[in-house]
Amino acid sequence: MNTEQEYIIQCDNLVKIYKTDETEVMALQGLDFQVRYGELTAIIGNSGSGKSTFLNMLGGLDTPTAGRLYVDGLDLFRLNEKELVAYKRDTVGFVWQNNARNLLPYLPAWQNVQMPMLFGSQKEQKRRAMELLEIVGMAHRAESRLSQLSGGEQQRIAIAIALANRPKLLLADEPTGSVDPQTAAYIFDAFRRLNREMGLTIVIVTHDMSVASKVGRVVQIRDGKISTERVMRQNYLEQLNNTAGFETLGAATIMDGSSHEEFAVLDRNDRVQIPPEMIKEVGLSGRKVKMAVEDGKIVISQPES
């Protein structure tokens, strides 16, 4: 596998099978995926698609049944226990959907952010904690405890905690799953600022399909494999960078598909999944389709009979 520094994440043919006494569930079915340094990427998919399984592997919390995964040049599945602890401490930061996993309720916000820090004096650690709270727009809540914070405020503090040890990769598992749309937009603005201003590589896992308007690259997992990829159009990126936030762009731009260009992804056997919404839109039915090459394009249509 190519482990050159262009890519911070490289995975090759990942397979994950969960076994019980009675059944086997294949969560990942030969997943291939790469992320460049400094990218802001979202992985979307329905429940059970395999996206959370993959995120747990990136976080060093799970291992595959087969396949390989490199993060920042490290072969994650060949690390010993000590090396894995160092990886989770130094290379990767994690933001969970459940804020109880992010925050200690009896500590104020700034001490929650300070807790993971390993280096520097107490004074330096507090200065760093306040700096991170400022970055996520929560410096004014530095003395507040968990019970005094809204769900959105808790999530922004959780992002600051994940940044405490200056990770190279930030992972977020459904970070807006329990907040209202306005708060979700603010949280995604925070992710974009971290990505743009700090060059931080961020991977967000979500079932929210509208996230496509908020990040530069979106991949969709279906049945444990990448099926489609959407890349933000340059003119939309420029428009986004010239506005105060996502809400100013309006729903029409988000929903009409003008923000991103969509691609289907061929697997290693040159197979492609047709998105269900496209099948429905053209009225395909049954298990057979007609295929033809016309003017250099592959055309798929419903058989005449």
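Preceding this section is the structure that the text describes.
Computed from a prediction, not measured in an experiment: that's the story for all the values here.

A. The overall build of the protein chain, seen in detail. Looking only at helices and strands, the protein chain features nine helices and 13 strands. Evaluated residue by residue, the protein chain yields a buried proportion of 46% over its 305 residues. Long-range pairs, those at least 24 residues apart, make up 65% of the contacts in the protein chain between residues at least 6 apart in sequence. Counting every atom, the protein chain has about 16400 Å² of accessible surface; 49% of that belongs to carbon and sulfur.

B. Just unusual backbone geometry, in detail. We note that Asn-13 has phi near 55°; this positive angle belongs to a residue other than glycine. On the secondary structure map, Asn-13 appears in strand S1 (residues 7–19). Backbone geometry places Glu-174, a non-glycine residue, at a positive phi of 50°. Along the polypeptide, Glu-174 turns up in the loop between strand S7 (169–173) and helix H6 (181–198).

C. The sheet that holds strand S5 (residues 74–75), seen in detail. The strand order S2-S1-S4-S5 describes an open sheet built from four strands, whose pairing is antiparallel. Looking at strand neighbours, the two that pair on one side only are strand S2 (24–36) and S5, the edges of this open sheet. Where S1 lies against strand S4 (residues 66–71), five bridges are found, and the strand directions are antiparallel. For Cys-11, the partnering residue across the bridge sits in S4 and is Leu-69. Packed on one face of the sheet, helix H1 (residues 51–58) meets S1, S2 and S4 and runs near 120° to S1.

D. Up close: the pairing of S2. Sheet topology places S1 next to S2; 10 bridges connect them, and they run antiparallel. If you follow Ile-9 over to S2, its bridge partner there is Val-35. Hairpin connection of S1 to S2: four residues between the antiparallel strands.

E. A look at helix H4 (residues 122–135). Between its first and last C-alpha, H4 extends 20 Å over 14 residues, near the 20 Å set by a 1.5 Å rise per residue. Every buried residue of H4 is listed here: Gln-125, Arg-128, Ala-129, Leu-132 and Leu-133. All buried residues of H4 lie within an arc of 140° about the axis, which places them on one face of the element. Exposed side of H4, more than 90 degrees from the buried face: Lys-123 and Glu-134 are the residues found there.

F. How the structure looks around the packing of aromatic side chains. The final tally for this structure, using the stated rule, is three aromatic pairs. Ring geometry for Phe-33 versus Phe-54: centroids 5.5 Å apart, planes at 80°, classification edge-to-face. Within this pair, whereas Phe-33 is found in strand S2, its partner Phe-54 is found in helix H1, the two being separated by 21 residues in sequence. On the basis of relative accessible area, Phe-54 is assigned to the buried category, the value being 0%. With centroids separated by 4.1 Å and ring planes inclined at 5°, the aromatic side chains of Phe-94 and Trp-96 adopt a geometry described as stacked.

G. Expanded view of the layout of surface pockets. What the second largest pocket holds in volume is close to 400 Å³. Contributing to the lining of the second largest pocket are 18 residues, with Lys-88, Val-92, Gly-93, Phe-94 and Ala-162 lying nearest its centre. Among the elements of the structure, helix H2 (81–90), strand S6 (92–95) and helix H5 (151–162) are those that each provide at least two residues to the lining of the second largest pocket. Looking at the lining of the second largest pocket residue by residue, the classes come out as 11 nonpolar, four polar and three charged.

H. Fine view of the side chain of Asp-75. Mapped onto the elements of the fold, Asp-75 is located in strand S5. Overall, the relative accessible area of 13% leaves Asp-75 in the buried class.

I. Representation of the nonpolar core within the structure. With 39 residues, the main nonpolar core has Val-113, Leu-133, Ile-157, Ile-159, Leu-170, Phe-191 and Ile-202 as its most contacted residues. In terms of residue count, H5 provides more of this core than any other element does, six residues in total. Leu-170 has contacts with Gly-93, Phe-94, Val-95, Ala-162, Leu-163, Phe-191, Leu-194, Leu-200, Thr-201, Ile-202 and Val-203, leaving out every residue within four places of it along the chain. In terms of nonpolar packing, the next biggest core, distinct from the first, is built from 28 residues, Leu-55, Val-203, Ile-221 and Ile-226 among them.

J. Focus on the pattern of salt bridges. Counted under the stated rule, the structure contains 13 salt bridges. A salt bridge links Arg-127 to Glu-124; the shortest N-O distance between them is 2.8 Å. Within this pair, Arg-127 and its partner Glu-124 are both found in helix H4, separated by three residues, close to a single helical turn. Overall, Glu-124 belongs to the partly exposed group, its relative accessible area being 32%. Residue Glu-131 pairs with Arg-127 through a salt bridge whose shortest N-O separation is 3.1 Å. Of this pair, Glu-131 and Arg-127 both sit in helix H4, separated by four residues, roughly a single helical turn. A relative accessible area of 40% places Arg-127 in the partly exposed class.

Each value, and the rule that gives it
- Residues numbered from 1 in each chain as written.
- Predicted model: local features only at pLDDT ≥ 70, side-chain atom pairs only at ≥ 80, totals over all residues.
- Heavy atoms only, no water.
- Helix = DSSP H or I, 4+ residues; strand = E, 2+ residues; numbered from the N terminus.
- Buried < 20%, exposed > 50% of the residue type's maximum accessible area, 1.4 Å probe, protein only.
- Contact = heavy atoms within 4.5 Å.
- Areas by Shrake-Rupley, 256 points an atom, 1.4 Å probe, with all protein chains shown as cover.
- Pairing = 2+ DSSP bridges.
- Axes fitted to C-alpha atoms, helices over the stretch in contact; angles between N-to-C directions.
- Expected span 1.5 Å × (residues − 1).
- Arc of directions from axis to C-beta.
- Phe/Tyr/Trp six-rings, centres within 6.5 Å; stacked < 30°, edge-to-face > 60°.
- 1 Å grid on protein atoms, 1.4 Å probe; cavity = no way out; pocket = protein on both sides within 12 Å on 5 of 7 lines; lining within 4 Å.
- Points joined across faces, edges and corners; volume = space filled by probe spheres on them.
- Nonpolar A, V, L, I, M, F, W, Y, C, P; charged D, E, K, R; others polar.
- Core = buried A, V, L, I, M, F, W, Y, C linked by side-chain atoms within 4.5 Å.
- Salt bridge = Lys/Arg side-chain N within 4 Å of Asp/Glu carboxyl O.

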